[in-house]
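# Remarks on the overall topology
Each chain, written out:
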Amino acid sequence: SPGAAPNSGLKLAVVALASLSFALAIVAASVSASNKNDGREAAVRRVAGAFGTAILTYDYQHVTAWKHNVARLSTGVFKKQFETYSESLGTIFVNTKNTSEVRDVQIFLTDLDDKAATVIVVVDTTTSGLSGGGRRVTAYLQVDLVNSGNGWLVDGLTNLNLGAAAGPGGASTTTPSTTRR
């Protein structure tokens, strides 16, 4: 009948609008979740990069500053262990007149949720001391972070330089791309 066509067209328009509204709500929720994750990811990357720089930038004349820079980014068991062992490391730095300057930091996020994150941090440094200067070293670190409620802090550190000999500045390895010229 002629009266049925406009009514079915109206029903079709209402269904289409409802479907479109539902699809837009899903997109908005997805974008919101993505933005929340992007903020977390950026914060984790920022802290992991700052930590990689802090732990591998040291100067035998400023050991206290090095300890402070690492400790302020740390928490939990790792912080306690660092505070315990940093005294010995500081003594080694002083006795060997060791310094290390970070040249580049790369961050690879491997796991992230609201409470914890795991990041691989690759840090290129130039070290010097009594044994010589200008040695380029690359460190591969697994950094475990926790969300403290006031921001992300390092709660674990694993050296990933398998088979590398530990030197005065910690275990590291020289890679072909960073060999001394």
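### A word on the sheet that holds strand S2 (residues 99–112)
With antiparallel pairing, the five strands of this open sheet are ordered in space as S1-S2-S3-S4-S5. Lying at the two open borders of the sheet, with one neighbouring strand each, are strand S1 (58–59) and strand S5 (152–159). Judged from the 13 bridges that link them, strand S3 (residues 116–129) and strand S4 (residues 132–147) form a sheet pairing that is antiparallel. Considered in S4, the bridge of isoleucine 120 is made with glutamine 142.

### A look at helix H2 (residues 63–71)
What H2 keeps buried is the set Val63, Trp66, Lys67, Val70 and Ala71. The arc enclosing the buried residues of H2, seen along the axis, measures out at 125 degrees, which places them on a common side. Across H2 from its buried face, at more than 90 degrees, point the exposed residues Thr64 and His68.

### A short note on the pairing of S5
Summarising the sheet, S4 and S5 pair through seven bridges and their orientation is antiparallel. For leucine 141, the partnering residue across the bridge sits in S5 and is asparagine 159. Between S4 and the antiparallel strand that follows it, S5, lie four residues; glycine 149 among them carries a positive phi value of about 95 degrees.

Cut-offs and rules
- Residues numbered from 1 in each chain as written.
- Predicted model: local features only at pLDDT ≥ 70, side-chain atom pairs only at ≥ 80, totals over all residues.
- Heavy atoms only, no water.
- Pairing = 2+ DSSP bridges.
- Helix = DSSP H or I, 4+ residues; strand = E, 2+ residues; numbered from the N terminus.
- Buried < 20%, exposed > 50% of the residue type's maximum accessible area, 1.4 Å probe, protein only.
- Arc of directions from axis to C-beta.

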